[in-house]
Amino acid sequence: MKLAPCYRLYGLGTILLVSLTICARKFSGQGEAFPVIPLLVAGLAYLLAIREFFCTANFPKRVIVIGFLLAALWHVVFLAIPTGSDDDVRRYVWDGRLQQLGYNPYIVVPGDPAFAALHTDETRALNNPDLPTIYPPGAELFFRMVMAIHESVFAMRVAFGICELAIVLVLLDILRRTGQAAHWILAFAWHPLLATEVVGSGHIDIFGVLLLVISFAALLRRWRAIAAVTFALAVAVKFLPLVLLPLYWRRVRVRDALLAAIVFALLYVPFLDHGRIPIGSLGTYIRSFGFNDPVFEALRRVAAPQLVAGFAVFIGVIVATWFRTRFQAWSADAFAWPMAASLLCAPAVFPWYLLWLLPFSRSVSTLPLIIWTIGVLPAYVVWHLRTLGRPFVLPGWVMLVEYGAVALTVVVILLRRNASPAASQDSTG
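It should be emphasised that the depicted structure is a prediction, and the values quoted were computed from it without experimental measurement. (Residues numbered from 1 in each chain as written. Predicted model: local features only at pLDDT ≥ 70, side-chain atom pairs only at ≥ 80, totals over all residues. Heavy atoms only, no water.)

### Observations regarding the overall build of the chain
Here's step 1: A tally of helices and strands in the chain yields 18 helices and 0 strands.
Here's step 2: For 429 residues, the compact-globule estimate of 2.2 N^0.38 gives 22 Å, and the C-alpha radius of gyration of the chain, at 22 Å, lies within 12% of that figure.
Here's step 3: Taking the principal axes of its C-alpha atoms as reference, the chain extends roughly 80 × 50 × 45 Å.
Here's step 4: Across the 429 residues that make up the chain, the buried fraction comes to 54%.
Here's step 5: Of all intrachain contacts in the chain linking residues separated by at least 6 positions in sequence, the fraction that spans at least 24 positions is 78%.
Here's step 6: In the form shown here, the chain has an accessible surface area of approximately 19300 Å², with 67% of it arising from carbon and sulfur atoms. (Helix = DSSP H or I, 4+ residues; strand = E, 2+ residues; numbered from the N terminus. Rg over C-alpha atoms; globule rule 2.2 N^0.38 Å. Buried < 20%, exposed > 50% of the residue type's maximum accessible area, 1.4 Å probe, protein only. Contact = heavy atoms within 4.5 Å. Areas by Shrake-Rupley, 256 points an atom, 1.4 Å probe, with all protein chains shown as cover.)

Written out as structure tokens, the structure is:
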């Protein structure tokens, strides 16, 4: 008996709910990662759901509503768990609290005994206490805004959950305006990384993603000033979308670009240190924070880390320029691939970095990127190994699985595209 697509999707959603609930229940927050096996089950269910989205032209509205309800359930489960003892979200709380107290997070080092009295129970165990903040000013002002409402890790995670919900609403508008099926919204809402890294661990990337999605939607509506400013704000949260700059060439007016540049510059003003632009621990990150970075690690053997980081930016810009000159139509693919190319060469590729790709990956040409966002899930094993006393180094087999799956997907797509014209010629010959 063959199940209808709707019922197959209900079943896959249920598998996601059960596996992610098990994943959350087994997480104690004592410095380890989310359990890998339930995550992998969830990842497989997600990929099977993607297959259903490709194979079915349209799902009834009730299927999408039920899909949202299932996603809401596992998000609530993750919101109820404790955060890891050294998760980045604790740094966010510290940075926001510092600003509330009148200090500059680009100068104050959390581990400095002179500032020990400023800590709370939630910030004492933050990671890298010997370094000032690394986050750009847009992120810092977001931290301050949330801490002004309520000073806690939970408040920050709730704020990130609100950002995710806002992305869903904007994406629904984008899907409607581009004539794509509404069920593709579940390709975003059902992704396991949203549970683990947005409402679970909590990462600022989701706020930047929201701003970038708003910029994309604004360009669709020809709201060029809004598109330019929200793009600048997204770059001010994390620098990754900077590589998309060529896509805005001749799509925004000169005055829009100037306004965006002014807004970006003004964000730095509260943090200036005797007229110097603050970069915090960005240099240390580039030199010392390697993780899941086979390309960067290979290149740094022949060049300085700063040069290799610059190369990562250059590659992303080149890909964005290619999309801008090759295709006149505005597409999500043009946003996804430049960021993916830059991440591939980046000094570190943590799972939450791939959140930037999720809203823009819903076509056959971005299938390798969809595979990547699931293939990165085994990387969580490194946190488990750390609790066993192992060094914080990702095993080679994990990167082989992750990047090998992406490469295999690219090869299969290219072979099928090459085979299609040949098959057409045979049928007409």
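From this point on, the discussion continues.
### A closer look at the environment of P129
Here's step 1: Residue position: P129 is located in the loop between α4 (88-100) and α5 (137-149).
Here's step 2: Sequence separation between P129 and R91 is 38 residues, and the spatial gap between their C-alpha atoms is 9.0 Å.
Here's step 3: Those residues in contact with P129, other than ones at most four positions away along the chain, are R91, V109, P110 and G111.

### Observations concerning helix α10 (residues 224-235)
Here's step 1: For α10, spanning 12 residues, the distance from its first C-alpha to its last is 17 Å, which sits close to the expected 16 Å at 1.5 Å a residue.
Here's step 2: Among all positions of α10, only A227, A228, V229, T230, F231, A232, A234 and V235 are buried. (Expected span 1.5 Å × (residues − 1).)

### A look at unusual backbone geometry
Here's step 1: Phi angles above zero are rare outside glycine, and N128 is one such case at about 45°.
Here's step 2: Relative to the elements of secondary structure, N128 occurs in the loop between α4 and α5.
Here's step 3: The backbone phi angle of R250 is positive, close to 65°, even though this residue is not glycine.
Here's step 4: As for its placement among the helices and strands, R250 is situated in the loop between α10 and α11 (254-268).
Here's step 5: For R250, a relative accessible area of 71% translates into the label exposed.

### Points about a nonpolar patch on the surface
Here's step 1: On the surface, I262, L266, V269, L272 and I277 cluster together into a nonpolar patch covering about 480 Å² of accessible area.
Here's step 2: Taking the relative accessible area as the measure of exposure, I277 reaches 61% and is therefore exposed. (Patch = residues over 30% accessible without salt bridge, like charges linked within 9 Å, V, L, I, M, F, W, Y side chains within 5 Å. Salt bridge = Lys/Arg side-chain N within 4 Å of Asp/Glu carboxyl O.)

### Concerning the packing of helix α3 (residues 61-79) against helix α6 (residues 153-178)
Here's step 1: Look at α3 against α6: their axes get within 11 Å of each other, and the N-to-C directions meet at 165°. One finds that α3 runs roughly antiparallel with respect to α6. Two packed elements cross with a definite hand, and for α3 against α6 that hand is right-handed. Between α3 and α6, the contacting residues are F68, H75, F78 and L79 on the first element and F154, R157, V158, E164 and V168 on the second.
Here's step 2: Each residue belonging to the contact of α3 with α6 can be placed in one class, and the counts come to 6 nonpolar, 1 polar and 2 charged. (Axes fitted to C-alpha atoms, helices over the stretch in contact; angles between N-to-C directions. Parallel < 35°, antiparallel > 145°, perpendicular 65-115°, else oblique. Left-handed = near helix turned anticlockwise from the far one by under 90°. Nonpolar A, V, L, I, M, F, W, Y, C, P; charged D, E, K, R; others polar.)

### As for helix α14 (residues 305-326)
Here's step 1: For α14, spanning 22 residues, the distance from its first C-alpha to its last is 32 Å, which sits close to the expected 32 Å at 1.5 Å a residue.
Here's step 2: Where α14 is concerned, the buried positions are P305, V308, A309, A312, G316, A320, F323 and R324.
Here's step 3: As for α14, its buried residues are in contact with α12 (282-288), α13 (294-299) and α15 (333-344).

### Remarks on the pattern of salt bridges
Here's step 1: Inspection of the entire model under this criterion finds 10 salt bridges.
Here's step 2: The residue R177 makes a salt bridge to D173 at a minimum N-O spacing of 3.8 Å. Of the two residues, R177 and D173 are both situated in helix α6; the distance of 4 residues between them amounts to about one turn of the helix.
Here's step 3: Overall, the relative accessible area of 13% leaves D173 in the buried class.
Here's step 4: Bridged by salt links that share partners, the residues D173, R176, R177 and R221 form one connected network.

### Points about the state of the cysteines
In protein chemistry, a disulfide is the covalent bond that joins the sulfur atoms of two cysteines.
Here's step 1: For the structure shown, the criterion picks out 0 disulfides.
Here's step 2: C6 takes part in no disulfide bond, and the closest cysteine sulfur, belonging to C55, lies 14 Å away. (Disulfide = S-S within 2.5 Å.)

### So, the packing of aromatic side chains
Here's step 1: Applying the stated rule across the entire model yields 38 aromatic pairs.
Here's step 2: Considering the side-chain rings of Y106 and F271, the 5.3 Å spacing of their centres and the 75° angle between planes classify their relative orientation as edge-to-face. Of this pair, Y106 sits in the loop between α4 and α5 while F271 sits in the loop between α11 and α12, and the two are 165 residues apart along the sequence.
Here's step 3: Among the aromatic residues, those joined into a cluster by ring pairs are F291, F350, W352, Y353, Y380, W383 and F392. (Phe/Tyr/Trp six-rings, centres within 6.5 Å; stacked < 30°, edge-to-face > 60°.)

### Some words on the side chain of E52
Here's step 1: Relative to the helices and strands, E52 is located in helix α2 (residues 36-55).
Here's step 2: On the accessibility criterion, E52 (4% relative accessible area) is buried.

In short, the description is geometric, and any link to function would need to be established separately.
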